[in-house]
Structure formats: structure tokens, C-alpha cells
Amino acid sequence: MELRYKEYVEVRERKRRRLQQEGKYICVFCTVKLPIERPEDEVKADCHHLDGRDGDALTDEEFLSFAHHDCHMDYHDKPKEKLWWYPNFIKNLTNQWPSLVEKEQNRKHSTV
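Residues numbered from 1 in each chain as written. Predicted model: local features only at pLDDT ≥ 70, side-chain atom pairs only at ≥ 80, totals over all residues. Heavy atoms only, no water.

### Side note on the overall build of the chain
Heads up, the rule is: In DSSP terms, a helix is any run of H or I states spanning at least four residues, a strand is any run of E spanning at least two, and both are numbered starting from the N terminus. Only C-alpha atoms enter the radius of gyration, while the globule expectation follows 2.2 Å times N to the 0.38, with N the number of residues. Whether two residues touch is decided by their heavy atoms; if any such pair falls within 4.5 Å, the residues are in contact. Positive charges come from Lys and Arg, negative ones from Asp and Glu, while His and the chain ends are left out of the count. Where a charge lies is defined by one atom per residue type: Lys uses NZ, Arg uses CZ, Asp uses CG and Glu uses CD.
Secondary structure assignment for the chain yields four helices and two strands. Shown N-terminal to C-terminal, the secondary structure of the chain runs as helices and strands in the order α-β-β-α-α-α. Against the compact-globule benchmark of 13 Å for 112 residues, the chain has a radius of gyration of 14 Å, which places it among compact chains. Each principal axis of the C-alpha distribution contributes one length, and for the chain these read about 35 × 30 × 30 Å. Look at the contacts in the chain between residues 6 or more apart in sequence, and 58% of them connect residues 24 or more apart. Positive and negative charge centroids in the chain, built from 20 and 22 side chains respectively, lie 3 Å apart.

### Quick notes on helix α2 (residues 69-77)
As a reminder, the rule being used: Whether a residue is buried, partly exposed or exposed follows from its accessible area with a 1.4 Å probe, protein chains only, as a fraction of its type maximum: under 20%, in between, or over 50%, in that order. Read the arc as the range of directions from the helix axis to the C-beta atoms.
Residues of α2 that are buried: C71, H72 and Y75. Along α2, the residues classed as buried sweep out an arc of 100 degrees about the axis, all on the same side.

### As for the pairing of strand β1 (residues 46-49)
Looking along a regular strand, one sees the side chains alternate between the two faces of the sheet. Keep this limit in mind: Any two strands with at least two DSSP-identified bridges between them are counted as paired.
Burial along β1 is two-sided: the residues D46 and H48 and C47 and H49 are all buried. Inspection of the sheet shows β1 paired to strand β2 (residues 64-67) by four bridges, in the antiparallel sense. When the bridges of β2 are listed, D46 appears paired with A67.

### Focus: the packing of aromatic side chains
What counts, and what does not: Each aromatic pair joins two rings of Phe, Tyr and Trp (for Trp, the six-membered one) with centres within 6.5 Å, and gets the label stacked for planes under 30 degrees apart, edge-to-face for over 60, and tilted for any other angle.
A complete count under the given rule lists nine aromatic pairs for this structure. Aromatic pair Y25 and F66: ring centres 5.5 Å apart, planes at 55 degrees, arrangement tilted. Here the residue Y25 occupies a position in the loop between α1 (2-22) and β1, and F66 occupies one in strand β2, the gap between them amounting to 41 residues. Residues Y25 and F66 agree in their burial class; the two are buried. A ring pair is formed by F29 and Y75, whose centres lie 4.8 Å apart and whose planes are at 25 degrees; its orientation type is stacked. Taken together, the positions of F29 in the loop between α1 and β1 and Y75 in helix α2 put the pair 46 residues apart, joining distant regions of the chain. Of the two residues examined, F29 and Y75, each falls in the buried class.

Set out below in C-alpha cells:
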């Protein structure tokens with residue numbers, strides 16, 4: 001498992017650097033630009049796994065995305081009806097990752 005985690009960190013940080021260099025480092029949920037971070041920064045944007053973390057999905061760069069911590073926690077902890085950015089998130093999924101739309105719409109969201 002330790003080797004797998006090391007691979008995940010390498011893939012994640014490589015994608016983070018690439019998105020920063022391309023000017024595409026945005027929150028996958030609200031689409032607001034994320035701050036540029038340095039490798040030595042302790043706090044970085046959260047990494048969200050659009051297609052889960054099981055098996056090869058853990059290191060599948062295509063489905064690794066980044067998010068503001070608050071947006072990420074809200075996604076996991078609040079009902080989708082209370083997320084102001086959720087309709088745009090679905091629209092972006094439809095455009096970029098159409099295979100994930102049905103999975104997302106069937107996902108159990110919090111009811112709190």
C-alpha cells in the first residue's frame with residue numbers, strides 16, 4: 001500500500017504542477033481559480049477523485065481534480081440542493097467526463 005500511495009502522490013503533484021503552468025488550476029466544484037502553491041507549502045488545495053479511489057482509479061490522472069477545501073467538504077457533507085455550484089458542476093461533468101454523470105447523479109448525498 002505504501003508504494004501505491006507514493007505513486008499516487010507523484011501523479012497528483014505532477015498534475016497539480018501541469019494545471020498551474022497551464023493556468024487551469026481551478027476548483028472542480030465552483031470553478032474559481034485556486035491559488036498557486038509551492039512544493040514546500042503545507043496547505044494545498046484538496047484532491048478529489050472523480051471516479052473514486054479503488055484500484056487503478058487512485059492514480060488515474062484523468063479523474064484527479066482539485067478543489068477548495070470548503071467546496072470539497074460541502075460536496076461530501078451537504079445535500080446537493082444546498083450547493084450553489086452543483087448545477088455547474090454537473091454541466092462541467094457532462095462536457096468533460098460524460099461517463100461520470102450518471103454515477104454522480106445516483107450518488108448518495110447527505111440529507112443534513
